[in-house]
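Commentary on secondary and tertiary structure
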Amino acid sequence: MLVKFVKVLLLFAFLFNTTMVSATDYDEDVLEIFSKLLPRFVIMSDQKLKVKDQINICVVHEDIEKGTASSLIEKTIHNYPQGIKNYNIKLIQTDFTNLSMCKNSELFFLFNSSEKNIIETLLFAKKQKILTVSYDASLLENGIEVSLFLGRKILPYINVNALKRNGIIVDPILLRISKIYMQTDK
């Protein structure tokens with residue numbers, strides 16, 4: 001009887017953990033697109049003025065997304081083995097509790113998290129004047145500056161109001177090829 005109970009308990013634990021993992025799945029193709037665009041977002045903004053010899057990109061995630069964050073970093077390194085425009089690319093991986101590791105970054109890439117973590121990260125990024133990009137376009141509503149619009153075409157999705165509020169300027173060409181986020185977009 002006890003053995004059956006333990007088996008059933010383990011089965012439920014396994015099913016619960018599987019549900020938890022699948023709730024945080026990220027599309028590998030979308031990660032590939034982000035891996036190609038993140039350094040370009042820095043180059044196409046006034047963040048490039050902060051760059052000396054390397055572009056610093058901080059990938060911020062929850063503990064459960066550590067593997068996905070590593071995958072994004074590997075893809076970026078694979079796509080830019082020599083860097084971009086004579087700049088090396090340094091990728092820093094951290095969770096939402098260690099943002100100070102990234103105070104010298106030009107760009108934060110955020111995976112999903114609680115609203116509290118997103119707001120704290122946005123406040124930190126504003127104070128350090130760091131461009132914010134998120135996997136989830138719905139975070140534009142919270143003040144993230146850039147994401148991707150995944151429709152018939154895949155386009156950068158830019159929150160112009162957040163850029164203005166945080167004093168970050170992007171290249172007009174980037175604005176021209178992007179979908180502009182409006183508060184009414186939901």
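For the structure itself, consult the block above.
Residues numbered from 1 in each chain as written. Predicted model: local features only at pLDDT ≥ 70, side-chain atom pairs only at ≥ 80, totals over all residues. Heavy atoms only, no water.

Tallying secondary structure elements over the protein gives six helices and seven strands in all. Counting across all 186 residues of the protein, residues that qualify as buried make up 43%. Counted over contacts in the protein with a minimum sequence separation of 6, partners at least 24 positions apart contribute 62%. Within the structure as shown, the protein displays about 10900 Å² of accessible surface, and the carbon and sulfur contribution to it stands at 59%. (Helix = DSSP H or I, 4+ residues; strand = E, 2+ residues; numbered from the N terminus. Buried < 20%, exposed > 50% of the residue type's maximum accessible area, 1.4 Å probe, protein only. Contact = heavy atoms within 4.5 Å. Areas by Shrake-Rupley, 256 points an atom, 1.4 Å probe, with all protein chains shown as cover.)

Moving on: the packing of helix H2 (residues 28-43) against helix H3 (residues 66-79). Direction vectors running N to C along H2 and H3 enclose 55 degrees, while the axes themselves pass 9 Å from each other. Taken together, the axes of H2 and H3 lie oblique to each other. Classified by chirality, the crossing of H3 by H2 is right-handed. Of the residues in H3, those in contact with Glu28, Leu31, Glu32, Phe34, Ser35, Lys36, Leu38 and Pro39 of H2 are Thr68, Ser71, Leu72, Lys75, Thr76 and Asn79. Of the residues that constitute the contact of H2 with H3, the class distribution is five nonpolar, five polar and four charged. (Axes fitted to C-alpha atoms, helices over the stretch in contact; angles between N-to-C directions. Parallel < 35°, antiparallel > 145°, perpendicular 65-115°, else oblique. Left-handed = near helix turned anticlockwise from the far one by under 90°. Nonpolar A, V, L, I, M, F, W, Y, C, P; charged D, E, K, R; others polar.)

Our next topic: H3. With 14 residues, H3 extends 20 Å from end C-alpha to end C-alpha; this agrees with the ideal 20 Å at 1.5 Å per step. For H3, every residue scored as buried is listed here: Thr68, Ala69, Ser71, Leu72, Ile73, Lys75 and Thr76. Summarising the contacts, the buried residues of H3 are in contact with H2, strand E1 (54-61), strand E2 (88-95) and strand E3 (107-110). (Expected span 1.5 Å × (residues − 1).)

On to the state of the cysteines, then. The final tally for this structure, using the stated rule, is one disulfide. Between the sulfur atoms of Cys58 and its disulfide partner Cys102 the distance amounts to 1.8 Å. One quick way to see it: the torsion about the S-S bond of Cys58 and Cys102 is about 45 degrees, and its sign makes the bridge right-handed. Of the two residues, Cys58 is situated in strand E1 and Cys102 in the loop between E2 and E3; the sequence distance between them amounts to 44 residues. Exposure remark for Cys102: the relative accessible area of 0% places this residue in the buried category. (Disulfide = S-S within 2.5 Å.)

This next bit is on the pattern of salt bridges. Under the counting rule described, the total for this entry stands at four salt bridges. The closest approach of N and O atoms between Glu32 and Lys36, which form a salt bridge, is 3.9 Å. Here Glu32 pairs with Lys36, and both are found in helix H2, just four residues apart, close to one helical turn. Between Lys116 and Glu120 there is a salt bridge, with the nearest N and O atoms lying 3.2 Å from each other. Taken as a pair, Lys116 and Glu120 lie in helix H4 (residues 115-128) at a separation of four residues, close to a single helical turn. Taking relative accessible area as the criterion, Lys116 reaches 55% and is therefore assigned exposed. (Salt bridge = Lys/Arg side-chain N within 4 Å of Asp/Glu carboxyl O.)

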